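Secondary and tertiary structure notes
Spelled out from the first residue to the last, the chains are:
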Amino acid sequence: MLDLLAVLLTLGGLVFFAGATMGILRFPDFYTRLHAAGKLDTLGALLTMAGLAVYNLHPFSITTLLTSLKIGFAVGFIFIASPTATHAIVDAGVRAGLRPWVKQEDEQK
Amino acid sequence: MLCCWGMLVHATLDFPGWGDPNAPAHLHVAPEYLEQAYEETATPNVVTAVLADYRGYDTMFETAVIFSAGLACFFLLRVQPRKEEEEDRFFRHLATDMVIRIRTPSMHVPDSPYLQQLDPYWTPRSLIVRAACRVLTPFIQLFALYVVAHGHHSPGGGFQGGVILGASFILIALSHDLRTSMKMTPEKLMGVLSPAGVLIYAGVGALCVVAGHNFLDYGALAEWLGTAPEAARSLGILFVEVGVAVCVMATMIIIYANLSSAGGYKQGL
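Keep in mind that what you see is a predicted model, and the values were worked out from it rather than measured. (Residues numbered from 1 in each chain as written. Chains lettered and ligands numbered in written order. Predicted model: local features only at pLDDT ≥ 70, side-chain atom pairs only at ≥ 80, totals over all residues. Heavy atoms only, no water.)

**Observations regarding the overall build of chain B**
For chain B, the helix and strand inventory stands at 10 helices and 3 strands. Listed N to C, the secondary structure of chain B is α-α-α-α-β-β-β-α-α-α-α-α-α in terms of helices and strands. The buried share of chain B, reckoned over its 269 residues, is 35%. A fraction of 62% describes how many contacts in chain B between residues 6 or more apart in sequence connect residues 24 or more apart. (Helix = DSSP H or I, 4+ residues; strand = E, 2+ residues; numbered from the N terminus. Buried < 20%, exposed > 50% of the residue type's maximum accessible area, 1.4 Å probe, protein only. Contact = heavy atoms within 4.5 Å.)

Below, the structure written as structure tokens:
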């Protein structure tokens, strides 16, 4: 039962990671790429590591529980740090004067 | 150049294969370290045992090298602003948000909770970055102490822990400003701590000499600590790791502060 949950969580995380990779490769400019990288990577890491934490509980004992708790802490810190880093990079981009991408027709109007 | 390249490639042919257990590097002293490190030093992590005990001299002079790097940075970059040429200083009155400009160079403005000195070239970071860094910094520092103290049992030790500890203060300097960070880690204190780390290391070694053993032979501390010689070695490694961590942290902060502000200790980056 726990194993199933772990597999589901990890697979869900991988879906988001795949989406993030696609986004970084295919999106047209700096801001949209960061949008893909920042959001989907955070959720992907969250789900994957939650899956690892659940999988680690398999022979349930205090030791494995502690390890899972540590993974939980790591997830929490990623959840705080990753969006902040994305925000800081976008902020720097705006200050450096980078303009967001617009569709070709809109630009010609 | 091609000839040189050919010679180098030819020389690699004589190397032992990847992961070859019979490679010369794995036959000389490595098996002894692996077999006896735990019995001799009561330290589960062989890397730490080799680094801080069997090759204590190496690590001591590595620490000295880091200290001299900080020293070189300080001497090359640090500049004291000359009193007559001092430029305008800006202060913000926190209650009214008014900015005061002070031109008289001799005028001394005392530190006050109502005034905040501003750097004209410094663009403030956003509130989100500041808040997140403030939340994360204590955890980073706690983790740094854990890495230092846990160097015997898991990967880590003085160098790594010191770097994390120094980086936490650099994070504050990046997210707030250099002045805030230098209030927490005053320049003079860092200047004292950096050599103090090396002195802690060398002092532990000298204590062993006083106790009648060789330099850095931590087994000598057993009598004073009231433990078995093996446990004393383990504790001795911990002491020198603390010295390394102190030195590395202070040096990181000195190097960052000098490089980022071109030696003026004002916000320049």
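Additional details are given in the paragraphs that follow.
**Things to note about the overall build of chain A**
When helices and strands are tallied, chain A shows 4 helices and 0 strands. Start at the N end of chain A and walk to the C end: the helices and strands fall as α-α-α-α. The C-alpha radius of gyration of chain A comes to 18 Å, more than 25% above the 13 Å expected for a compact globule of 109 residues. Looking at chain A as a whole, 24% of its 109 residues qualify as buried. Long-range contacts, defined as pairs at least 24 residues apart, comprise 73% of the intrachain contacts of chain A with a sequence gap of at least 6. Carbon and sulfur atoms form 74% of the exposed surface of chain A, whose accessible area is close to 7,400 Å². Considering chain A, the positive charge centre built from 8 side chains and the negative charge centre built from 7 side chains are found 2 Å apart. (Rg over C-alpha atoms; globule rule 2.2 N^0.38 Å. Areas by Shrake-Rupley, 256 points an atom, 1.4 Å probe, with all protein chains shown as cover. Lys, Arg positive; Asp, Glu negative; His and termini not counted. Charge placed at Lys NZ, Arg CZ, Asp CG, Glu CD.)

**Examining the pattern of salt bridges**
All names here are of chain B. In this structure the tally under the stated criterion is 1 salt bridge over all chains. Residue R78 is joined to E187 by a salt bridge in which the shortest nitrogen-to-oxygen separation is 2.8 Å. Of the two residues, R78 sits in the loop between helix 4 (56–77) and strand 1 (89–93) while E187 sits in helix 8 (residues 187–210), which places them 109 residues apart along the sequence. Looking at R78, the relative accessible area reads 18%, which means it is buried. On the basis of relative accessibility, which here comes to 25%, the residue E187 falls in the partly exposed class. (Salt bridge = Lys/Arg side-chain N within 4 Å of Asp/Glu carboxyl O.)

**Some remarks on the pairing of strand 2 (residues 99–102) of chain B**
Strand direction decides the pairing type here: strand 1 of chain B and strand 2 of chain B, joined by 4 bridges, are antiparallel. Among the inter-strand pairings, B:F90 is bridged to a residue of strand 2 of chain B, identified as B:R101. (Pairing = 2+ DSSP bridges.)

**Here we look at the packing of aromatic side chains**
In total, this model carries 5 aromatic pairs over all chains according to the counting rule given. Residues A:F30 and A:Y31 carry aromatic rings whose centres are separated by 5.3 Å and whose planes lie at 75° to one another, so their mutual orientation is edge-to-face. On the accessibility criterion, A:Y31 (14% relative accessible area) is buried. Ring geometry for B:F143 and B:Y146: centres 6.0 Å apart, planes at 25°, overall stacked. Linking B:F143 with B:Y146, this pair stays in helix 5 (residues 127–149), spanning 3 residues, or about one helical turn. In this structure B:F143 comes out as partly exposed when scored by relative accessible area, which is 45%. Exposure remark for B:Y146: the relative accessible area of 38% places this residue in the partly exposed category. Aromatic rings pair up to connect A:F73, A:F77 and B:F139 into one cluster. (Phe/Tyr/Trp six-rings, centres within 6.5 Å; stacked < 30°, edge-to-face > 60°.)

**Remarks on the confidence of the model for chain B**
Averaged over all residues, the pLDDT of chain B equals 79, while 87% of them reach at least 70. Quick note on the complex model: pTM equals 0.76, ipTM equals 0.74. (pLDDT = per-residue confidence, 0-100.)

**Looking at the environment of B:I164**
Residues and elements named next belong to chain B. Secondary-structure assignment places I164 in helix 6 (residues 158–175). The partly exposed category is assigned to I164, whose relative accessible area is 23%. The residues contacting I164, other than those within four sequence positions of it, are I140, F143, A144 and V147.

**What about the interface of chain B and chain A?**
With 10 residues of chain B in contact, the opposing surface of chain A contributes 8 residues. For the pair chain B and chain A, the summed buried area comes to about 740 Å², and 75% of that belongs to carbon and sulfur atoms. Its largest share of buried area at the contact with chain A, chain B owes to B:I128, B:V129 and B:L136, together 45% of the area lost on that side. At the junction of chain B and chain A, the tally comes to 0 salt bridges. Classifying every residue of the side of chain B that touches chain A by side-chain character gives 7 nonpolar, 2 polar and 1 charged. (Buried area = accessible area lost by both parts, 1.4 Å probe. Nonpolar A, V, L, I, M, F, W, Y, C, P; charged D, E, K, R; others polar.)

**Focus: empty space enclosed by the protein**
All names here are of chain B. What the rule picks out here adds up to 1 cavity of 30 Å³ or more. As a volume, the largest cavity reaches approximately 40 Å³. As for the largest cavity, its lining consists of F169, I170, A173, L178, S181, M182, I253, Y256 and A257. Elements with a minimum of two residues in the lining of the largest cavity: helix 6, helix 7 (178–184) and helix 10 (229–260). (1 Å grid on protein atoms, 1.4 Å probe; cavity = no way out; pocket = protein on both sides within 12 Å on 5 of 7 lines; lining within 4 Å. Points joined across faces, edges and corners; volume = space filled by probe spheres on them.)

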